[in-house]
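# Coordinate inspection notes
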Amino acid sequence: MPPFVLGLLLLFAWYITTATGRINAFILPPPKDVFASLIDGLVGGLYWVHILVTVQESLAGFLLGVVVALPLGYGVAKSRFLANMLQPYLSAGQAIPAIVLAPFLFLWFNTGPLPVTIICMLVVLFPMVINTIFGVQTIDRELLDAARLEGASGLSLLSYIEFPLALPAVLASVRTGLTLSITGALVGEFFCSPDKGLGALIQMALHQYNMSFMFATVIILAILAALYYSATWLLIKLADRVY
C-alpha cells in the first residue's frame, strides 16, 4: 500500500504540474499523452518485440555474469594468491563505466546481441564478485573449523557449510545483478544494437523529439525492473524454504 499511495501522489503532482501550463510539454509531457503513447505501443505490438529483445539480452548477460562471478568471488575469497593477483584488476574494472567499454565492443564485434550481452555481463560482474567475496570471508571461522573436525572438506564443506552461510550475500549480489542487467542492456543497445531493444526505442524517441514516447518507454523499463526485482524476492523465499 505505501508504494501505491506514493505512486498516486507522484502521478497527481505530475498532472498538476503539467495542467497549469507553466512547463512546456516538450520538457514534461502531460500524463494523458504519455499513457496514450504507451497504450498505442502496446496495442500495436511495437513494445512487445523490443521488450523481448531487451529481456533476452539482459538475462543472457546476467546468467553469464553469475557463471563467472560466483566461482571467481569464491576463489578470490579462499586464495590469497588469487586475491593478490586479481583484486587490482577487479577494482580497476569496477571503476571503468560500461559506457566507455561499449564503443570498443562495437568495434570488435559490430552490432548484434553478442556485444550487448557482454556489456550486461560486465555491468553485473563486479558487484556480484565483491558481494560473493564478502559473504565467504565473513563466515565464522569457528564454524568452519568445527565442520572440518567432523570430517567436512572440499565439496562437502562448500555445499553444506560455506554456501548456506554465504547465501545471504550471494542472494544480495544476485538481486543487484539482475536489476543492473537492464542497465547493461540499455547501454549496449545505445551503441551496439541501434534498431532492436528498448534502448533503440529511447534513441528513436530522442531523434524524433517525441517526449511522450520517451516517457512511455521509461515506464516500460521501470515495470520490467520491478518484475526482475520481484523475481529475486521469490528466489529469496525459495532459499529460505530450502535452507
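Residues numbered from 1 in each chain as written. Predicted model: local features only at pLDDT ≥ 70, side-chain atom pairs only at ≥ 80, totals over all residues. Heavy atoms only, no water.

### Quick notes on the overall build of the chain
Looking only at helices and strands, the chain has 10 helices and zero strands in total. The 243 residues of the chain split such that 39% are buried. By sequence separation, contacts in the chain at least 24 residues apart represent 73% of the contacts at least 6 residues apart. Taken as a whole, the chain presents about 14000 Å² of accessible surface, with 72% of it coming from carbon and sulfur. In the chain, 10 side chains carry a positive charge and 11 a negative one; their mean positions are 4 Å apart. (Helix = DSSP H or I, 4+ residues; strand = E, 2+ residues; numbered from the N terminus. Buried < 20%, exposed > 50% of the residue type's maximum accessible area, 1.4 Å probe, protein only. Contact = heavy atoms within 4.5 Å. Areas by Shrake-Rupley, 256 points an atom, 1.4 Å probe, with all protein chains shown as cover. Lys, Arg positive; Asp, Glu negative; His and termini not counted. Charge placed at Lys NZ, Arg CZ, Asp CG, Glu CD.)

### What about the UniProt feature "transmembrane region" (unreviewed entry) in the chain?
Taken from the UniProt record, the annotation "transmembrane region" (unreviewed entry) applies to residues 45-77, 89-109, 115-136, 157-174 and 213-236. Counted over residues 115-136, helix gives 100% and strand 0%. Its end C-alpha atoms are 31 Å apart. Helix makes up 100% of residues 157-174 and strand 0%. Its end C-alpha atoms lie 22 Å apart. (UniProt positions renumbered as here; feature names shortened; annotations may be inferred.)

### Quick word on the packing of aromatic side chains
All chains considered together, the criterion is met by two aromatic pairs. On the numbers, 6.1 Å between centres and 55° between planes, the contact of Y47 with F213 is tilted. Placement of Y47 in helix α3 (residues 46-78) and of F213 in helix α10 (residues 211-242) is noted, with a sequence separation of 166 residues between them. On the basis of an interplanar angle of 45° and a centroid distance of 5.9 Å, the ring pair of F104 and W108 is categorised as tilted. Of the two residues, F104 and W108 are both situated in helix α5 (residues 98-109); the distance of four residues between them amounts to about one turn of the helix. You can call W108 exposed: its relative accessible area is 62%. In this structure, R175 packs its charged tip against the face of Y229, placed 4.2 Å from the ring centre. (Phe/Tyr/Trp six-rings, centres within 6.5 Å; stacked < 30°, edge-to-face > 60°. Lys NZ or Arg CZ within 6 Å of the ring centre and 35° of its normal.)

### What about the side chain of T117?
As for its placement among the helices and strands, T117 is situated in helix α6 (residues 113-137). On the basis of relative accessible area, T117 is assigned to the buried category, the value being 15%. If we ignore the near neighbours within four places in the chain, the residues touching T117 are E57, A60 and G61.

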